[in-house]
Amino acid sequence: MRAPSLPRPVLCRPRLAALLLAALLAPSLPAEADTVVPGAAHAFDYRLQPRRITDGVYVLIGRTEDFDTRNGGNIVNTGFLVGSSGVVVIDSGPSRRYGEQLRAAIAAVTPLPVVLTLNTHAHPDHFLGNQAFPAGTLAALPATRDAIAREGEDLSANLYRLAGDWMRGTEARPPGRSLAPGRLHAGGRELELIALDGHTGADLLVLDRASGTLFAGDLVFHDRAPTTPHADLDHWLAALERIATLDGVRQVVPGHGEVASGTGLQTPLRQTQAWLRWLQQRLDTSAAQGLETNEVLALPLAAEFATIAEAATEYRRSVLRLYPQTEHKALQQHGAR
Ligand SMILES: [Zn+2]
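Conventions we followed
Residues numbered from 1 in each chain as written. Predicted model: local features only at pLDDT ≥ 70, side-chain atom pairs only at ≥ 80, totals over all residues. Heavy atoms only, no water. Helix = DSSP H or I, 4+ residues; strand = E, 2+ residues; numbered from the N terminus. Contact = heavy atoms within 4.5 Å. Pairing = 2+ DSSP bridges. Donors = N, O, S within 2.8 Å, 3.2 Å for Na, K, Ca; no water. Tetrahedral: all angles 85-135°; square planar, octahedral: opposite > 155°, others 65-115°. Buried < 20%, exposed > 50% of the residue type's maximum accessible area, 1.4 Å probe, protein only. Phe/Tyr/Trp six-rings, centres within 6.5 Å; stacked < 30°, edge-to-face > 60°. Lys NZ or Arg CZ within 6 Å of the ring centre and 35° of its normal. Core = buried A, V, L, I, M, F, W, Y, C linked by side-chain atoms within 4.5 Å. pLDDT = per-residue confidence, 0-100.

S.K.: Just to check I follow, could you spell out the environment of arginine 51 for this structure?
M.R.: Structurally, the position occupied by arginine 51 is in strand E1 (residues 51-54). Separated by 29 residues in sequence, arginine 51 and phenylalanine 80 have C-alpha atoms that sit 10.0 Å apart. Apart from the residues within four sequence positions on either side, arginine 51 is in contact with Val57, Tyr58, Val59, Ile61, Glu258 and Val259.

S.K.: Help me understand the pairing of E1, please; the structure alone is not making it clear to me.
M.R.: Every regular strand shows the same layout, with side chains that alternate between the two sheet faces. Here E1 pairs with strand E2 (residues 57-60) via three bridges, running antiparallel. Note on E2: the bridge partner recorded for threonine 54 is valine 57. Joining the antiparallel neighbours E1 and E2 is a turn of two residues, in which glycine 56 adopts a positive phi near 75 degrees.

S.K.: I'm lost on the sheet that holds strand E4 (residues 87-90) in this one. Help?
M.R.: The pairing of strands in a sheet happens through backbone hydrogen bonds and is either parallel or antiparallel. Strands sit in the order E1-E2-E3-E4-E5-E6-E7 across an open sheet of seven strands; the sheet is mixed. The open sheet has two edge strands, E1 and strand E7 (177-178), and neither has a second partner. The pairing of strand E5 (residues 114-118) with strand E6 (residues 138-140) spans two bridges and is parallel. By the bridge assignment, threonine 117 is partnered in E6 with leucine 138.

S.K.: Quick question: what am I supposed to make of the coordination of the zinc ion here?
M.R.: In ideal tetrahedral geometry, four donors around a metal make angles of 109.5 degrees, whereas ideal octahedral geometry with six donors gives angles of 90 or 180 degrees. Taken together, His121 (NE2), His123 (ND1), His199 (NE2) and Asp218 (OD) make up the protein donors of the zinc ion, found 2.2 Å from the metal. The site at the zinc ion holds four donor atoms, and with the angles between them running 90 to 164 degrees, its shape is irregular. For the zinc ion, the single-chain donor residues occur in sequence as H-x1-H-x75-H-x18-D. With histidine 123 in the loop between E5 and helix H3 (124-127) and histidine 199 in the loop between strand E9 (189-196) and strand E10 (203-208), this pair connects stretches of sequence that are 76 residues apart. Taken as a pair, histidine 123 and histidine 199 share a single burial class, namely buried.

S.K.: Teacher, can you tell me more about the environment of arginine 63 here?
M.R.: Mapping arginine 63 onto the fold places it in the loop between E2 and strand E3 (78-82). According to the relative accessible area criterion, arginine 63 is partly exposed, its value standing at 49%. Separated by eleven residues in sequence, arginine 63 and asparagine 74 place their C-alpha atoms 6.4 Å apart. Here arginine 63 is in contact with Asn71, Asn74 and Ile75, once residues within four sequence places are set aside.

S.K.: Explain the packing of aromatic side chains to me, please; I cannot follow it from the model alone.
M.R.: Each aromatic ring pair is summarised here by two numbers: the centre-to-centre distance and the angle between the ring planes. Under the defined criterion, the tally for this structure stands at nine aromatic pairs. On the numbers, 5.0 Å between centres and 70 degrees between planes, the contact of tryptophan 275 with phenylalanine 305 is edge-to-face. Placement of the pair is tryptophan 275 in helix H6 (residues 267-288) and phenylalanine 305 in the loop between helix H7 (293-298) and helix H8 (311-336), with a sequence separation of 30 residues. Pair check on accessibility: tryptophan 275 and phenylalanine 305 agree, each one buried. The ring of phenylalanine 44 has arginine 97 lying over it, and the distance from NZ or CZ to the ring centre is 4.2 Å.

S.K.: Which parts of the structure should I look at to understand the nonpolar core?
M.R.: Across soluble globular proteins, nonpolar side chains have a tendency to be buried as a group. In this structure, Leu214, Ile243 and Trp275 are the most contacted members of the largest nonpolar core, which totals 39 residues. Secondary-structure elements contributing two or more residues to this core are E9, E10, strand E11 (213-221), helix H5 (233-244), H6, H7 and H8. Top element by residues in this core is H6. It accounts for seven residues. In this structure isoleucine 243 touches Leu196, Leu205, Leu214, Leu219, Val220 and Leu269, once residues within four positions along its chain are discounted. The next biggest cluster of nonpolar side chains, apart from the first, holds 21 residues, and it includes Val88, Ala139, Leu191 and Val253.

S.K.: Please explain the pairing of E11 as it appears in this structure.
M.R.: In terms of burial, E11 is a largely internal element, nine of the nine residues being buried. Pairing of E10 with E11, which is carried by three bridges, proceeds in the antiparallel orientation. Each residue of the ladder has a partner; that of valine 206, found in E11, is phenylalanine 215. The turn joining E10 and E11, which pair antiparallel and follow one another in sequence, is formed by four residues; a positive phi near 70 degrees is taken by glycine 212. Relative to strand E12 (residues 251-256), E11 runs parallel, the two sharing five bridges.

S.K.: Looking at this structure, how should I read the side chain of asparagine 130?
M.R.: Note on placement: asparagine 130 falls in the loop between H3 and E6. A residue is classified by how much of its surface remains accessible, and asparagine 130, at 0% relative accessible area, is buried. The residues contacting asparagine 130, other than those within four sequence positions of it, are Ser92, Thr117, Asn119, Leu138, Arg173 and Pro175.

S.K.: I would appreciate a short explanation of the confidence of the model for the protein in the present structure.
M.R.: When pLDDT drops low, the exact placement of atoms in the prediction is not to be read closely. Confidence in the prediction for the protein averages 89 pLDDT; 87% of positions are at 70 or higher. Segment residues 1-41: pLDDT under 50, and 21 contacts once partners within four positions in sequence are set aside and those in other chains are kept.

Structure follows, in structure tokens:
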């Protein structure tokens, strides 16, 4: 039997206008909207759980992934040191939300105020939580401050593109205070600040003297392939040599990946060295053989990196960024002969 034809619903103009307005005002959902419910109590919750690794030293270990709308950019390690009179924060995370949630997590551990917020280097996952901390506590190496002031907004925009609504309200906030290498007393903790470079133009390491904890920033990766968007491989390898000579290090907190200590203390350092040496050799050999970029990309990864997270992705990125200059150098050397 044929169903009676029903009159088509007519959308009157005011209702249409209201629907359009609602659509415009609705939050744009992240791609994995089923895992994040905007408006719900758990929405955009990084579920930060500070882990106490020794007396007064806490770390928050991010995922060894690339930025996406599920992890909200929480692929980075941050940490904080609780002293007798205050708290020192090492890196503020990838977004304003992360910074705010980190601050709340610190407040759940201690009532002491944050007296110093350090950015180890000018990559967005390490400084975009700065808004959550008092402006007077923000500090970094001079070149890091300059880089955040110069490129911070572009880096922030890129993270918006990758992590979506987790980033809402986030703006780059360059630290107002410059750090110099050497001893620094803050919040009742004695720190050794070490200024190196190679991952970026300025990379800060923080050694907490009492515990022997080295916060190595992104000069050291653990079970995660190093990123090279601002890297100078020669400088980076020289920095790793220097780190290997530091006295009094009992545990290492890498910029990405698990904390290392005991018999595994040197593992992240060796992994990062091995990757960078292999990458440099691969680029040099390929340029000497006159390979095209696509041919270099098609070469297999070394077997030793099979278990390193994001190895294929970072290899591709590194080749695309570094191979043109390697080719250029090889051509110049060839012409000079
Ligand atoms: Zn970095």
